Amino acid sequence: MISASEGALGRSEAGETVVDLAMVSKAMQARLEAGAPEAAAALAQIVLLRHPRHLATYERLIQAAWMLKRWQEGEDWARRLLQADPGNAVAWRSLAFAVEQKGMLPTARSIWRRAFQCHPYDPDIRSGLARTRPNPGEPLRLDDAALASLYLRAGRWSHAANAYRKLVKAEPKRLDFQVNWMVAAWQQGERREAYQLARRLTQQSRYTLMAWVVLAATGDVDDRALARNPIQSMDPDGEFVQMWLRIPWERPRTPLRITLQEAALLVEPGPSEDSSFF
């Protein structure tokens with residue numbers, strides 16, 4: 001499986017073809033759902049060769065590492081993804097378990113709590129938090145951050161914006177709270193507030209994808225030009241934003257020129273074929 005510091009597949013002189021990035025992503029997801037994480041990782045290499053900061057592929061590599069119980073690989077990819085999406089539950093889950101496996105229980109407990117606040121009903125996250133708490137039998141309770149995430153996931157933008165506004169006042173250094181507040185404000189029509197938050201976040205970190213998306217959506221032509229390259233590098237076809245918002249989102253076609261050897265990996269193996277990648 002590809003590691004966070006590893007190169008991608010070499011190019012063949014046998015010929016090339018052009019496919020949509022969405023086609024490769026769909027094939028990757030199909031391999032994960034079919035229980036073939038190594039095959040999914042092979043497809044990930046095709047994408048990362050052309051788009052080395054492609055966030056949707058990062059998330060799928062974290063899922064593949066989780067399935068393969070390769071905790072260090074999962075941690076490496078999780079740390080990368082959290083730079084761009086600080087509230088990503090898949091990444092926090094992977095990071096928490098990796099830290100727990102190292103025996104660092106107080107740190108793991110804190111990270112499981114962060115994961116729980118991002119996705120309180122994920123069964124693996126709930127198990128991880130319960131397992132590392134001082135009183136494992138004590139029932140899990142939703143705190144204000146967990147409730148806010150439920151509003152966000154349900155698209156209750158006004159409730160989410162109000163909740164995260166209060167959370168940011170209480171914990172101003174929590175980048176995930178700031179991002180969630182910004183997105184909720186944008187979606188409920190508070191464009192000025194969302195724009196100001198986006199400007200501040202893009203100045204804090206050039207890797208926070210949703211800040212660039214909101215800047216492009218609420219700003220002027222100069223803001224859109226400034227946001228173009230970061231968005232193109234992390235989410236060129238809009239898949240990650242669509243997954244993030246859980247609403248319809250424009251998905252421009254993004255062509256990939258790949259070798260015929262790489263294209264062969266897109267063909268779904270039959271029931272008698274081995275779907276793993278060697």
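Structural data are supplied above this passage.
S.K.: I'm lost on the overall build of the protein in this one. Help?
M.R.: When its secondary structure is counted, the protein shows 15 helices and two strands. A globule of 278 residues ought to have a C-alpha radius of gyration of about 19 Å, and the protein, at 20 Å, matches this closely. Seen through its principal axes, the protein has C-alpha atoms that stretch 60 × 55 × 30 Å. Classification of the 278 residues of the protein by burial places 50% in the buried group. Sequence-distant contacts, at least 24 apart, represent 61% of the contacts inside the protein between residues at least 6 apart. Taken as a whole, the protein presents about 13,500 Å² of accessible surface, with 51% of it coming from carbon and sulfur.

S.K.: Looking at this structure, how should I read a nonpolar patch on the surface?
M.R.: Together, Tyr-121, Leu-142 and Leu-147 give the surface a local cluster of nonpolar side chains, amounting to about 260 Å² of exposed area. Considering the arrangement of structural elements, one finds Leu-142 in the loop between helix H7 (123-132) and helix H8 (144-153).

S.K.: Sorry if this is basic, but what is going on with the layout of surface pockets here?
M.R.: Leftover empty space is mapped by rolling, across the atoms, a probe with the size of a water molecule. Size it by volume and the largest pocket reaches roughly 430 Å³. Gly-87, Asn-88, Ala-89, Arg-153 and Arg-246 are the residues nearest the centre of the largest pocket, which is lined by 25 residues in total. Within the residue set of the lining of the largest pocket, elements represented by two or more residues are helix H5 (89-101), helix H6 (105-118), H8, helix H10 (175-187) and helix H14 (239-245). Across the lining of the largest pocket, the residue classes tally to 11 nonpolar, six polar and eight charged. Put simply, the second largest pocket is a space of about 310 Å³. Elements supplying a minimum of two residues to the lining of the second largest pocket: helix H12 (209-218) and helix H13 (221-234). It is H13 that provides the largest number of residues to the lining of the second largest pocket, a total of four residues. Classifying every residue of the lining of the second largest pocket gives eight nonpolar, two polar and four charged.

S.K.: What should I look at first to understand the environment of Ile-62 in this one?
M.R.: Inspection of the secondary structure puts Ile-62 in helix H3 (residues 55-68). Accessibility expressed as a relative area gives 0% for Ile-62, which makes it buried. When the C-alpha atoms of Ile-62 and Arg-93 are compared, they prove to be 9.6 Å apart, with 31 residues separating the residues in sequence.

S.K.: Help me understand helix H4 (residues 71-84), please; the structure alone is not making it clear to me.
M.R.: For an α-helix, the turn length of 3.6 residues means that residues three or four places apart are oriented alike. In this model, H4 (14 residues) spans 20 Å end to end at C-alpha, consistent with the 20 Å of a helix rising 1.5 Å per residue. Glu-73, Gly-74, Glu-75, Trp-77, Ala-78, Leu-81, Leu-82 and Ala-84 are the residues of H4 that are buried.

Here is what the cut-offs are and how they apply
Residues numbered from 1 in each chain as written. Predicted model: local features only at pLDDT ≥ 70, side-chain atom pairs only at ≥ 80, totals over all residues. Heavy atoms only, no water. Helix = DSSP H or I, 4+ residues; strand = E, 2+ residues; numbered from the N terminus. Rg over C-alpha atoms; globule rule 2.2 N^0.38 Å. Buried < 20%, exposed > 50% of the residue type's maximum accessible area, 1.4 Å probe, protein only. Contact = heavy atoms within 4.5 Å. Areas by Shrake-Rupley, 256 points an atom, 1.4 Å probe, with all protein chains shown as cover. Patch = residues over 30% accessible without salt bridge, like charges linked within 9 Å, V, L, I, M, F, W, Y side chains within 5 Å. Salt bridge = Lys/Arg side-chain N within 4 Å of Asp/Glu carboxyl O. 1 Å grid on protein atoms, 1.4 Å probe; cavity = no way out; pocket = protein on both sides within 12 Å on 5 of 7 lines; lining within 4 Å. Points joined across faces, edges and corners; volume = space filled by probe spheres on them. Nonpolar A, V, L, I, M, F, W, Y, C, P; charged D, E, K, R; others polar. Expected span 1.5 Å × (residues − 1).

Any link to function would need more than the numbers given here.
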